[in-house]
Every structure is written in structure tokens, then in C-alpha cells.
Amino acid sequence: MLTSLQNEQVKHIVALQKRKTRKDHGEFLIEGWRFVEEAVRRKAEIRQIYVCPEKEKENWSSLQDILHERRVAIIEVDEKVLRKMSDTEEPQGIIAVVGAKNLTWSDLEINSQTVLLIVDGIQDPGNLGTILRTALAAGVHQVCLTTGTVDLYNPKVLRSTMGTVFGLKVLTDCSPQDVIAFARSKSIKIMTGDVEGDSLYETKCSFPLALVVGNEGNGPSEVFRSPELTRVTLPMSNEVESLNVAVATGIILYEIARRKA
């Protein structure tokens, strides 16, 4: 059992709270029983588990059996060490180190029914996490995050996804120009969510399709506002000027899913 706050493993886990360390080591942290269970269910690359015996959940033994079968290292820690490692005020008792996927454009699978989500410059971790969770629920499996978007492995982003991040292929640090070039190479139509666009409900959808959703304050990058691209907006009533980007993305994705059905 780890009991020293000066242990090198403990220091490494604490360091993984920083984006640079996560990027350098190609791994990130998840916390909580439900999150770890979801990661196991979706066969994430779990590298180590840190668990506090005093906070073990009733079904820990069955989860432990699966982890043993997958040869995942399980390390017990005392409550003091758990609190040092944790990013939350009240740690649930389990933390996992997960390997980050380093995907490229060639990993994306495009067919006649594909909907590709492009998240362009979203800054709020809660918004990004909610968008990713909603995307998977709406049938989207592939996402690109442009350069300047909040870190996918930010703890607040991960918590907001509720584990659905492990059901998605997510490319990170994509330039808008590369997104456009990839879409053209695969004959993917681009639809941009923009307050200055035409009504979503009066705009035709053709597939494969890429939906671009932009920064909370500034909207999408200029390259995604090109006249040759389709821009759509949601009609507003009662003098409401705009919606939260995560809410708007959900509405658009479900409308796209309805039309594709």
C-alpha cells in the first residue's frame, strides 16, 4: 500500500493534472467508480488502478477480476494519498491511469451516412464534455477538435462526458485548413453552425456530412464561414439572441439524426 506523499508514483499522478505532463506521457486520469466501470466496459487502455480499501464499492471484486484478466496493475493507497492524487474535493476511492489515443486522419472511417463533428475553439470544459456526450448519444462516433479547443483530457471535460469519451474517435489539434482539405478529399459536405446562417429547418442535409460548432463568444473560425459552405442557425423566439453552444449542438445533431433515419 502506498502511504507516502513523496512516493514517485504519487508525484507522477499529481503531475498528470497538468496538460503538458499528459501530453508528454500520452496518458491521463479518470476518477470515480462509475467512470472507471465505463472505461472498463468500453475497453479503454487502462494502465494502472489506484484504489483506497476504505472506500471500496460493493462490486469491486467483480471489477477487480476483469482488471486482473487484462493484466492491469492495481495499487492500494491510503486515504491521505488518495486525496493528494485526486482532482476532486471528495474522492470516491478509485483513480485510473489511461493511455491516450494518438489518432490521425487515416483512422477516420467515412461512408455515405457518416456525420463528423468538428468542434472549433470551444473553451469551456463543461461545454466540450457535454457536446461529446450528446454527440455519441445522437449517433456520432467521430470528432475533430481544432487547435485552440480546450484539452480533451482536462479532468472537467472528462467528467462531463460521463465516460462516453471512450466510445468516440477524437482527433485533436486539427487546423481548420486541414479539416477543409480532408472533407474535400472525402466528398464530405460541411455545415457550420452560425448565428448568421439560414434556418436549420429550411436547409437540406446531404451525407456524408461534417457539422462545425464554434467558440462560445466568437463563433466558428472564418475559414468555416466561407460562402461555399452551408451555414445554419436555429430560429429564436421571444427576443432570445442565442443558445449555449452545447445545447445548440445537441439540437442540430438530433435534427441531423432525424433526417438520416
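S.K.: Looking at this structure, I do not really get the overall build of the protein. What am I missing?
M.R.: Assigned secondary structure in the protein consists of nine helices and ten strands. Here the C-alpha atoms of the protein give a radius of gyration of 20 Å, agreeing with the 18 Å that 2.2 N^0.38 yields for 261 residues. Across its three principal axes, the protein shows a C-alpha extent of roughly 60 × 40 × 35 Å. Within the protein, the proportion of its 261 residues that are buried is 49%. The contacts of the protein with a sequence gap of at least 6 include a subset with a gap of at least 24, amounting to 77%. Total accessible area computed for the protein in this model is approximately 13,300 Å², and 46% of it derives from carbon and sulfur atoms. In the protein, 32 positive and 35 negative side-chain charges are present, and the distance between their average locations comes to 4 Å.

S.K.: Honestly, the sheet that holds strand S4 (residues 94-99) in this entry has me stumped. Any pointers?
M.R.: Neighbouring strands of a sheet are bound in pairs by backbone hydrogen bonds; such pairs are parallel or else antiparallel. The strand order across the open sheet formed by four strands is S1-S4-S2-S3, and the pairing between neighbours is mixed. One side of each edge strand has no neighbouring strand; the edge strands of this open sheet are strand S1 (27-31) and strand S3 (73-76). Across the sheet, the axes of successive neighbouring strands diverge by a mean angle of 20°, strand direction being ignored. Inspection of the sheet shows strand S2 (residues 46-51) paired to S3 by four bridges, in the parallel sense. In the strand pairing of S3, Val51 is matched with Glu76.

S.K.: It is not clear to me how the nonpolar core should be interpreted in this structure. Could you clarify?
M.R.: Where a protein is soluble and globular, its nonpolar side chains tend to be buried together. If you look at the biggest cluster of nonpolar residues, it comprises 54 residues, and the most contacted ones within it are Ile30, Ile46, Ile49, Leu117, Val119, Val143 and Phe166. When residues in this core are grouped by element, the largest group, six residues, is from helix H9 (residues 245-260). Not counting the four nearest positions on each side in its chain, Leu117 is found in contact with Ile131, Ala135, Val140, Gln142, Val143, Cys144, Leu211, Val213, Thr249 and Leu253. Membership of the second largest hydrophobic core comes to 16 residues, among which are Ile118, Val179, Ile190 and Phe224.

About the thresholds
- Residues numbered from 1 in each chain as written.
- Predicted model: local features only at pLDDT ≥ 70, side-chain atom pairs only at ≥ 80, totals over all residues.
- Heavy atoms only, no water.
- Helix = DSSP H or I, 4+ residues; strand = E, 2+ residues; numbered from the N terminus.
- Rg over C-alpha atoms; globule rule 2.2 N^0.38 Å.
- Buried < 20%, exposed > 50% of the residue type's maximum accessible area, 1.4 Å probe, protein only.
- Contact = heavy atoms within 4.5 Å.
- Areas by Shrake-Rupley, 256 points an atom, 1.4 Å probe, with all protein chains shown as cover.
- Lys, Arg positive; Asp, Glu negative; His and termini not counted.
- Charge placed at Lys NZ, Arg CZ, Asp CG, Glu CD.
- Pairing = 2+ DSSP bridges.
- Axes fitted to C-alpha atoms, helices over the stretch in contact; angles between N-to-C directions.
- Core = buried A, V, L, I, M, F, W, Y, C linked by side-chain atoms within 4.5 Å.

Treat this as a map of the structure, not an account of what it does.
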